Amino acid sequence: QVQLVESGGGLVQAGGSLRLSCAASGRTISMYGMGWFRQAPGKEREFVAAITWNGRSTSYADSVKGRFTISRDNAKNTVYLQMNSLKPEDTAVYYCAAERGVGVVSHPDYWGQGTQVTVSS
């Protein structure tokens, strides 16, 4: 089992930045692809960003490309999401996810409980 705990969410003005962290426990995430997803009120959960087990490949939703950066530190068992130039439409609960394997996260095996990000205009 892998437990994922997100942190770093909060309230920020449009144009501001936040850095989300996802701390894993239970197992090392070095053999897991990791990703971030988000769910806004009244909308379905959507993909935001993903990173492969070794950090060599990343992917992003078109809506966040150039503004968000996913990274990982396997020694710390932690994944990060740096969010810059935030927009009100980025407001959502952000979830960390893990999927065992060498590919990009597509069908997560584990989810965190989520952290709220609110961007005011």
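Located above this text is the structure these notes cover.
The structure contained in this document is the topic of the report that follows. Not measured: the values here are computed from a predicted model.

**Remarks on the overall build of the protein chain**
Point 1. A tally of helices and strands in the protein chain yields zero helices and 11 strands.
Point 2. In sequence order, the secondary structure elements of the protein chain are arranged as β-β-β-β-β-β-β-β-β-β-β.
Point 3. Relative to its length of 121 residues, the protein chain is compact, with a C-alpha radius of gyration of 13 Å against a globular reference of 14 Å.
Point 4. Along the first, second and third principal axes, the C-alpha atoms of the protein chain reach 40 × 25 × 25 Å.
Point 5. Counting the 121 residues in the protein chain, one finds 45% classified as buried.

**A few points about the nonpolar core**
Point 1. Ranked by size, the top nonpolar core spans 30 residues in total, and within it L4, M34, W36, L81, M83 and Y94 carry the most contacts.
Point 2. Within the residue set of this core, elements represented by two or more residues are β3 (18-25), β4 (32-39), β5 (46-51), β7 (68-73), β8 (78-83), β9 (92-100) and β11 (115-120).

**So, the packing of aromatic side chains**
Point 1. This structure, assessed with the given rule, holds four aromatic pairs.
Point 2. Ring geometry for F37 versus F47: centroids 5.7 Å apart, planes at 75°, classification edge-to-face. One end of the pair, F37, is in strand β4; the other, F47, is in strand β5, and 10 residues separate them in sequence.
Point 3. By relative accessible area, which is 9% here, F37 ends up buried.
Point 4. In this structure F47 comes out as partly exposed when scored by relative accessible area, which is 26%.
Point 5. These aromatic residues form a ring-pair network of at least three members: F37, F47, Y95 and W111.
Point 6. Taking NZ or CZ as reference, R100 lies 5.8 Å from the ring centre of Y32, over its face.

About the thresholds
- Every residue gets a number counted from 1 within its own chain, in the order that chain's sequence is written.
- Whole-chain, interface and lining totals are the exception, using all residues; otherwise, since this is a predicted model, local features are given only for residues with pLDDT of at least 70 and side-chain atom pairs are given and counted only at 80 or more.
- Each side-chain value is derived from all of the structure's non-hydrogen atoms; neither hydrogens nor water enter the calculation.
- Numbering of helices and strands runs from the N terminus; a helix is a DSSP stretch of H or I covering at least four residues, while a strand is a stretch of E covering at least two.
- The globule rule used for comparison is 2.2 Å times the number of residues to the exponent 0.38, while the radius of gyration itself is calculated over C-alpha atoms.
- Here the term buried applies to any residue with accessible area under 20% of the maximum for its type, exposed to any over 50%, and partly exposed to those in between, with areas from a 1.4 Å probe on protein chains only.
- The definition of a nonpolar core used throughout is a set of buried Ala, Val, Leu, Ile, Met, Phe, Trp, Tyr and Cys residues joined through side-chain atoms within 4.5 Å.
- Stacked, tilted and edge-to-face are the three classes assigned to paired rings of Phe, Tyr and Trp, where Trp is represented by its six-membered ring and a pair needs centres within 6.5 Å; plane angles under 30 degrees give stacked, over 60 edge-to-face, the rest tilted.
- A ring has a charge above it when a Lys NZ or an Arg CZ is no more than 6 Å from the ring centre and no more than 35 degrees off the ring normal.

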